[in-house]
Amino acid sequence: MGRTSDAKDKILSAAHSLIEQRGYSALGVAEICSTAGVPKGSFYHFFESKEILALAVIDEHWAAERREWEAVLSGDTEPLQQLQRLFEATEARQLAGKESCGAVVGCMFGNLSLEMSNQAEAVRKRLQEIFEEQVELVAAAIGRAQDRGEVEVDDIRGAARSVVAQLEGQVLFAKLYDRPSELSSLWRSCLALLRVREDEVVAHA
């Protein structure tokens, strides 16, 4: 077995890369271990099953991504600018993925939702929790914009769910068409969704 200090990290890193590029179902434990460069026994020393590993990868991925979301959706900038930066960061991430992997990889959470939501209850529930956390982060920004009189929405949380759904849908289109530019229309769509005042549309165009 590989050194305890790095075998688990190698497995997580290999699984993360493989799941992001190819999905979950097509992967086997042997391939993950081969990519990680560790014996198969190391896998079962750290993870009871491939599903448990998938949950660990999901948690690791969201921990990093949540830090990015929190950094973008905070600070002294105006809340609408924070939302705009979130969309720009998402487009930049997909562009970087295409440059690195040769194709748009999309959103791991969206990809796994489509692939696994009807197969693994624990994964489905964890993905639900992550999307709800995303909604909460976006809702906080929309609420701040509402307090400033910049947007007009009747249901802040409902609007936030629509923004997250729109973001996820455009990432799916970017993956489908293999074009990160599919995300370039997100900001205008968001402004319309939030019924942003005309002067604010000009200011944030």
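Residues numbered from 1 in each chain as written. Predicted model: local features only at pLDDT ≥ 70, side-chain atom pairs only at ≥ 80, totals over all residues. Heavy atoms only, no water.

Glancing now at a nonpolar patch on the surface. A contiguous nonpolar surface patch, about 330 Å² in accessible area, is contributed by Phe173, Leu176 and Tyr177. In this structure, Phe173 sits in helix α8 (residues 156-177). On the basis of relative accessibility, which here comes to 38%, the residue Phe173 falls in the partly exposed class. (Patch = residues over 30% accessible without salt bridge, like charges linked within 9 Å, V, L, I, M, F, W, Y side chains within 5 Å. Areas by Shrake-Rupley, 256 points an atom, 1.4 Å probe, with all protein chains shown as cover. Salt bridge = Lys/Arg side-chain N within 4 Å of Asp/Glu carboxyl O. Helix = DSSP H or I, 4+ residues; strand = E, 2+ residues; numbered from the N terminus. Buried < 20%, exposed > 50% of the residue type's maximum accessible area, 1.4 Å probe, protein only.)

Glancing now at the state of the cysteines. Tallied over the full model, the rule gives zero disulfides. Its sulfur unpaired, Cys107 is 14 Å from the next cysteine sulfur, which belongs to Cys101. For Cys107, a relative accessible area of 10% gives the class buried. Left unpaired, Cys190 is separated from the closest cysteine sulfur, that of Cys107, by 17 Å. (Disulfide = S-S within 2.5 Å.)

On to the nonpolar core, then. One finds Leu53, Leu83, Val138, Ile142 and Leu194 to be the most contacted residues of the largest nonpolar core, which totals 63 residues. Breaking this core down by element, the ones donating at least two residues are α1 (4-22), α2 (29-36), α4 (50-72), α5 (79-101), α6 (108-116), α7 (121-147), α8 and α9 (186-193). When residues in this core are grouped by element, the largest group, 11 residues, is from α7. Among all residues touching Val138, those that are not within four sequence positions of it are Trp69, Leu73, Leu83, Leu86, Ala160, Val163 and Val164. (Core = buried A, V, L, I, M, F, W, Y, C linked by side-chain atoms within 4.5 Å. Contact = heavy atoms within 4.5 Å.)

Per the counting criterion, the structure on display carries 17 salt bridges. Among the salt bridges present, the one from Asp59 reaches Arg126, with a minimum N-O distance of 2.6 Å. Linking Asp59 in helix α4 with Arg126 in helix α7, this pair joins segments that are 67 residues apart in sequence. In this structure Arg126 comes out as buried when scored by relative accessible area, which is 18%. Among the ionic pairs, Glu133 bridges to Arg66, the shortest N-O distance being 2.6 Å. On the criterion of sequence distance, the pair formed by Glu133 in helix α7 and Arg66 in helix α4 is long-range, its members being 67 residues apart. Of the residues examined, Arg66 reaches a relative accessible area of 25% and is grouped as partly exposed. Via salt bridges that share partners, Asp59, Arg66, Glu70, Arg126, Glu129 and Glu133 belong to a single interconnected network.

Between its first and last C-alpha atoms α7 spans 39 Å; for 27 residues at 1.5 Å apiece the expected length is 39 Å, and the two agree. Following α7 by one or two positions, Gly149 adopts a phi angle in the positive range, close to 75°. (Expected span 1.5 Å × (residues − 1).)

With that settled, consider the side chain of Glu168. On the secondary structure map, Glu168 appears in helix α8. With no salt bridge to any partner, buried Glu168 finds its closest opposite charge in Arg93, at an N-O distance of 8.7 Å. Those residues in contact with Glu168 that sit more than four places away from it in its chain are Cys107, Gly110 and Phe131. (Lys, Arg positive; Asp, Glu negative; His and termini not counted.)

Interhelical geometry of α5 versus α9 gives an angle of 145° and a closest axis separation of 9 Å. Crossing of α5 over α9 shows right-handed handedness. On α9, the residues that touch Leu80, Leu83, Gln84 and Phe87 of α5 are Leu186, Trp187 and Cys190. (Axes fitted to C-alpha atoms, helices over the stretch in contact; angles between N-to-C directions. Left-handed = near helix turned anticlockwise from the far one by under 90°.)

This paragraph deals with the environment of Lys125. Here Lys125 is to be found in helix α7. Along the backbone, Lys125 and Lys50 are 75 residues apart, and their C-alpha atoms lie at a distance of 17 Å.

Quick look at α8 now. Taking 1.5 Å per residue, 22 residues should reach 32 Å; α8 reaches 31 Å between its end C-alpha atoms and fits that length. Those residues of α8 not exposed but buried are Ala159, Ala160, Val163, Val164, Leu167, Glu168, Gln170, Val171 and Ala174. Of the surrounding secondary structure, the elements contacted by the buried residues of α8 are α4, α5, α6, α7 and α9. The backbone nitrogen of Arg157 has a side-chain oxygen 3.3 Å away, supplied by the residue at the start of α8, namely Asp155. (Polar contact = N/O pair within 3.5 Å; in protein donor to acceptor, adjacent residues only side chain to side chain.)

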